[in-house]
Amino acid sequence: MTTYVPPLARGDRSLVGNWFWQVDKPILVAILALILTGVALSFASSPAAAMRDDSISGDFYYAWRMIAFATLGLGILISTSMLSPRHVRRVCALTFLFCIGVMCLLPFIGNEAKGATRWLAIGPFGFQPSEFVKPALIVLAAWMFAEGQKGEGVPGMSIAFGLYAVTAGLLIIQPDIGQTVLITTTFMAVFFMAGVPLRWMAALMAMAAAGFVAIYLTVGHVRDRIAMFIGGGEASDNFQLERAHEAISAGGLVGRGVGEGVMKRHVPDLHTDFIYSVAAEEFGLVFSIILISVFGLVAIRGLRRARELADPFEQTAAGGLFILLGLQAAINIAVNLGLAPTKGMTLPFISYGGSSMLGMCLTMGLALALTRKRPGAYEPGSTPKGILG
């Protein structure tokens, strides 16, 4: 006689039941909160953004699209988080090959916007492959580092560097220097976590520094943005950053109120790169600190979970994915606050954009899959704890 087990009960051994009891719920809840926040802020920013585009019909055009992206992204997040580590590697290998193929074609069939060719038009949507290649590269690099350290003749380090070089080269061609900086920094973190000799780390840092100097000398808009950041640019070049600062300052401690923002009407790209300034104006400093804290919770708790994993690949890959999220959020917020040169980088889960939302849902879905409490996943006697202990 078969005993009935209610869905999601402790004894439920179905795919969904196992996932429910194995997935890190605080991280999952925090991600869901970020997605809901992004949808809410899209309603606050959509009318002002729609005013700038004569081809847009309806004040909430961007908001409704954001809901569609969030719904699809949620499906990707949940389904990806159910994968086993082996399937995580397979998904990332296929994703990497597909996205690299598309990036090779972008100079010929891509859409140019603001001097860069980063998107492929698919009907009414724009596909940005770099948003998906980032998590795939991190997972594959961690896999190759782990395989190389087994001493079985696999040239893991060489393959990982080759994958990075191809990705960085294609990003520079677009050009997308912000994403290049992001994947380079995250790749270096994965490189360090993999336990490779420090001399290799020093060599990688030297090559990265030389590359950034070369980019500064050869890419005009990068040089202009850095000059603007240190105070050497024209006053007019600082327009969007100054408007963002005014919006943040106008918010005060608790903000002007929902939908009551004024300065957001003057902030270019307010619904994408500068959505943080919209949140700060309408909800104030308190909300801004809470938002930063949620990103910190996901990144720090995720790193603690990754540190306690038993498998070197899972440990390094999960750690790299959480670093990718935390670093991208930190860069976007730093740009909004004037602490870093403008880079055109979205705030994960918050900024408008289909590729950004879906790519980050894929990133965190992979991270949740790797950090699930599967049998043997964690070191004996190691019980993952929350960020507060």
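Below: a short report on this structure.

Rules of the game
Residues numbered from 1 in each chain as written. Predicted model: local features only at pLDDT ≥ 70, side-chain atom pairs only at ≥ 80, totals over all residues. Heavy atoms only, no water. Helix = DSSP H or I, 4+ residues; strand = E, 2+ residues; numbered from the N terminus. Buried < 20%, exposed > 50% of the residue type's maximum accessible area, 1.4 Å probe, protein only. Areas by Shrake-Rupley, 256 points an atom, 1.4 Å probe, with all protein chains shown as cover. 1 Å grid on protein atoms, 1.4 Å probe; cavity = no way out; pocket = protein on both sides within 12 Å on 5 of 7 lines; lining within 4 Å. Points joined across faces, edges and corners; volume = space filled by probe spheres on them. Nonpolar A, V, L, I, M, F, W, Y, C, P; charged D, E, K, R; others polar. Patch = residues over 30% accessible without salt bridge, like charges linked within 9 Å, V, L, I, M, F, W, Y side chains within 5 Å. Salt bridge = Lys/Arg side-chain N within 4 Å of Asp/Glu carboxyl O. Expected span 1.5 Å × (residues − 1). Phe/Tyr/Trp six-rings, centres within 6.5 Å; stacked < 30°, edge-to-face > 60°.

This part takes up the overall build of the chain. Of regular secondary structure, the chain possesses 13 helices and 3 strands. Burial status across the chain gives 50% buried among its 389 residues. Here the chain displays about 17,600 Å² of accessible surface, and carbon together with sulfur accounts for 66% of that area.

Looking now at the layout of surface pockets. Quantified by volume, the largest pocket comes out at close to 1,400 Å³. Lining the largest pocket are 50 residues; nearest its centre among them are Ala113, Trp119, Gln128, Thr272 and Tyr352. Looking at the lining of the largest pocket element by element, the count peaks at 6 residues for strand S2 (residues 116–122). A class-by-class count of the residues in the lining of the largest pocket yields 21 nonpolar, 19 polar and 10 charged.

Turning to a nonpolar patch on the surface, a few remarks are in order. A cluster of nonpolar residues, Leu253, Val254, Leu285, Val286, Ile289 and Ile290, forms a patch on the protein surface that exposes about 570 Å² of accessible area. Relative to the elements of secondary structure, leucine 253 occurs in the loop between helix H10 (239–251) and helix H11 (275–307). When its relative accessible area of 55% is taken as the criterion, leucine 253 is described as exposed.

This paragraph deals with helix H13 (residues 354–370). Taking 1.5 Å as the rise per residue, H13 with 17 residues should run 24 Å; its terminal C-alpha atoms sit 24 Å apart, in good agreement. Within H13, 17 of the 17 residues are buried, which leaves the element mostly enclosed by the surrounding structure.

Our next topic: unusual backbone geometry. Here the amide bond leading from glutamine 174 into proline 175 is cis, since omega sits at -10°, within 30 degrees of zero. Summarising the element assignment, proline 175 is placed in the loop between helix H6 (156–173) and helix H7 (177–193). For phenylalanine 349, which is not glycine, the phi dihedral falls at a positive 70°. Relative to the elements of secondary structure, phenylalanine 349 occurs in the loop between helix H12 (312–336) and H13. Its relative accessible area of 1% is what places phenylalanine 349 among the buried residues.

What follows is about the packing of aromatic side chains. For the structure on display, the rule yields 16 aromatic pairs. Ring geometry for phenylalanine 69 and phenylalanine 125: centres 6.0 Å apart, planes at 65°, overall edge-to-face. Here phenylalanine 125 lies in strand S3 (residues 125–127) and phenylalanine 69 lies in helix H3 (residues 61–81), a separation of 56 residues in the sequence. Classification of phenylalanine 69 as buried rests on a relative accessible area of 9%.

Another aspect to go through is the pattern of salt bridges. Tallied over the entire structure, the rule returns 5 salt bridges. Arginine 301 serves as the salt-bridge partner of aspartate 24, at 2.9 Å between the closest nitrogen and oxygen. Here aspartate 24 is found in the loop between helix H1 (15–22) and helix H2 (25–51), whereas its partner arginine 301 is found in helix H11, with 277 residues between them in sequence. Assessed through its relative accessible area of 2%, aspartate 24 is described here as buried. The exposure class of arginine 301 is buried, given its relative accessible area of 10%. Here glutamate 314 and arginine 374 are joined by a salt bridge, their closest N and O atoms 2.9 Å apart. Pair noted here: glutamate 314 is in helix H12 and arginine 374 is in the segment after H13, with a separation of 60 residues, a long-range link. The two residues glutamate 314 and arginine 374 agree in class, both being buried. Among the charged side chains, a salt-bridge network with shared partners connects Asp24, Arg301 and Arg305.

Turning to the environment of arginine 307, a few remarks are in order. Along the chain, arginine 307 falls in helix H11. You can call arginine 307 exposed: its relative accessible area is 53%. Separated by 114 residues in sequence, arginine 307 and methionine 193 have C-alpha atoms that sit 9.5 Å apart.

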